[in-house]
Each structure stands twice: as structure tokens, then as C-alpha cells.
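Close look at the chain arrangement
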Amino acid sequence: HEGDTNRCARHATTPEEKLSRLYDYCRSGLKRISDTTLQEREELKPSKSPTETLNRGMGNGRDAKILFAALGTAAGFDARFAYLSDRSKVSFNPNTFPNTYFLDISHVGVRL
């Protein structure tokens, strides 16, 4: 599977296009664990690293986001996890928000 990611981004001509191809691979190139049968899910152990997710060719949504951040970093981008609030749950005000309980860290930010 590692060759798939190299192929998908190799011919990109702009940084935006390279990121877009890596993102598309992480969204559609990986088999979602939720798409597997219950028996297959019970037999799977959680991925320990982005490399393991890439080699398996499958993972959950969190695995895909971690893989995207790792691939972006490997491609030379500054990719980081971002703390964001879900406005459907609570309105975020950094001056009055004492803890991170309501923040969702399942987002990746990439500096172009």
C-alpha cells in the first residue's frame, strides 16, 4: 500500500494538489473498519502506528486522520492535530474555557 501513496502524490504539480491526493487516499484508499463484518472487527487489533494502518490498508476514522498527518509530514508539510470545538455542543470562548473536555482533537491542520 505504501507504493499507492507514493504514486498518488508523485505527479502532483502544486502543494495543494499533493495534499488533496494524500487526503483522497486516506479517505477512499483505506478500507474502513466499520465496513468490515463484526467477526473481522473483533479479530482486528487497533493500529499502533500510521505505518501499520498503511500496511494493513484499513483502519477507523482516527487511523485515517493520523495517517494523513504522517503522510503530510513525510511529504514536507507542517501537519498537526488541531483542537476545535463542535458548535453543536458548545460555543468556544478561549477566555472562559478552562479545560479541553469539549474540544475535539480529531482534526488535522496543514500549513501550506
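None of the values given here were measured: they were computed from a predicted structure. (Residues numbered from 1 in each chain as written. Predicted model: local features only at pLDDT ≥ 70, side-chain atom pairs only at ≥ 80, totals over all residues. Heavy atoms only, no water.)

**Examining the packing of aromatic side chains**
Enumeration over the complete set of coordinates arrives at one aromatic pair. Relative to phenylalanine 68, the ring of tyrosine 23 lies with its centre 5.8 Å away and its plane at 85 degrees, an arrangement referred to as edge-to-face. On the criterion of sequence distance, the pair formed by tyrosine 23 in helix H2 (residues 15–29) and phenylalanine 68 in helix H5 (residues 61–74) is long-range, its members being 45 residues apart. Residue classification places tyrosine 23 among the partly exposed residues on the basis of a relative accessible area of 41%. (Phe/Tyr/Trp six-rings, centres within 6.5 Å; stacked < 30°, edge-to-face > 60°. Helix = DSSP H or I, 4+ residues; strand = E, 2+ residues; numbered from the N terminus. Buried < 20%, exposed > 50% of the residue type's maximum accessible area, 1.4 Å probe, protein only.)

**With respect to H5**
Compared with the 20 Å implied by 1.5 Å per residue over 14 residues, the 20 Å span of H5 between its first and last C-alpha is a close match. Residues of H5 that are buried include every one of Asp63, Ala64, Leu67, Phe68, Ala69, Leu71 and Gly72, and no others. Its side-chain oxygen placed 3.1 Å from the backbone nitrogen of arginine 62, asparagine 60 serves as the N-cap of H5. Glycine 76 sits one or two positions beyond H5 and adopts a positive phi of about 100 degrees. (Expected span 1.5 Å × (residues − 1). Polar contact = N/O pair within 3.5 Å; in protein donor to acceptor, adjacent residues only side chain to side chain.)

**Quick look at the environment of phenylalanine 77**
Inspection of the secondary structure puts phenylalanine 77 in the loop between H5 and strand S3 (78–85). Spatially, the C-alpha atom of phenylalanine 77 lies 6.9 Å from that of leucine 112, the residues being 35 residues apart in sequence. Non-local contacts of phenylalanine 77, meaning those with residues more than four positions away in its chain, are made with Pro15, Lys18, Leu19, Gly72, Val110, Arg111 and Leu112. (Contact = heavy atoms within 4.5 Å.)

**Here's the deal with the packing of H2 against H5**
In the contact formed by H2 and H5, the axes pass within 9 Å of each other and the chain directions differ by 150 degrees. Relative to H5, the element H2 lies roughly antiparallel. Seen from above, H2 lies across H5 with right-handed handedness. Taken together, the residues of H5 that come into contact with H2 (itself represented by Leu19, Leu22, Tyr23, Tyr25 and Cys26) are Ala64, Leu67, Phe68, Leu71 and Gly72. By residue class, the composition of the contact of H2 with H5 is nine nonpolar, one polar and no charged. (Axes fitted to C-alpha atoms, helices over the stretch in contact; angles between N-to-C directions. Parallel < 35°, antiparallel > 145°, perpendicular 65-115°, else oblique. Left-handed = near helix turned anticlockwise from the far one by under 90°. Nonpolar A, V, L, I, M, F, W, Y, C, P; charged D, E, K, R; others polar.)

**Observations concerning the side chain of threonine 53**
Summarising the element assignment, threonine 53 is placed in helix H4 (residues 50–56). Those residues in contact with threonine 53, other than ones at most four positions away along the chain, are Leu30, Ser47, Met58, Asp63 and Leu67.

**With respect to the nonpolar core**
Judged by nonpolar contacts, Leu19, Leu22, Tyr25, Cys26, Leu30, Leu54, Ala64, Leu67, Phe68, Leu71 and Phe77 together constitute the single largest core of 11 residues. Of all the secondary structure elements, the ones that give two or more residues to this core are H2 and H5. Among all residues touching cysteine 26, those that are not within four sequence positions of it are Arg32, Ala64, Leu67, Phe68 and Leu71. (Core = buried A, V, L, I, M, F, W, Y, C linked by side-chain atoms within 4.5 Å.)

**A short note on the confidence of the model for the chain**
Averaged over all residues, the pLDDT of the chain is 78; the fraction at 70 or higher stands at 64%. For the chain, helix H1 (residues 2–10) is the element with the lowest average pLDDT, namely 58, and H5 is the one with the highest, namely 92. (pLDDT = per-residue confidence, 0-100.)

**Quick word on the environment of serine 28**
If you trace the backbone, serine 28 turns up in helix H2. The sequence separation of serine 28 and alanine 64 amounts to 36 residues, and the corresponding C-alpha distance is 9.7 Å. At a separation of 2.8 Å, a polar atom in the side chain of serine 28 contacts the main-chain carbonyl oxygen of aspartate 24.

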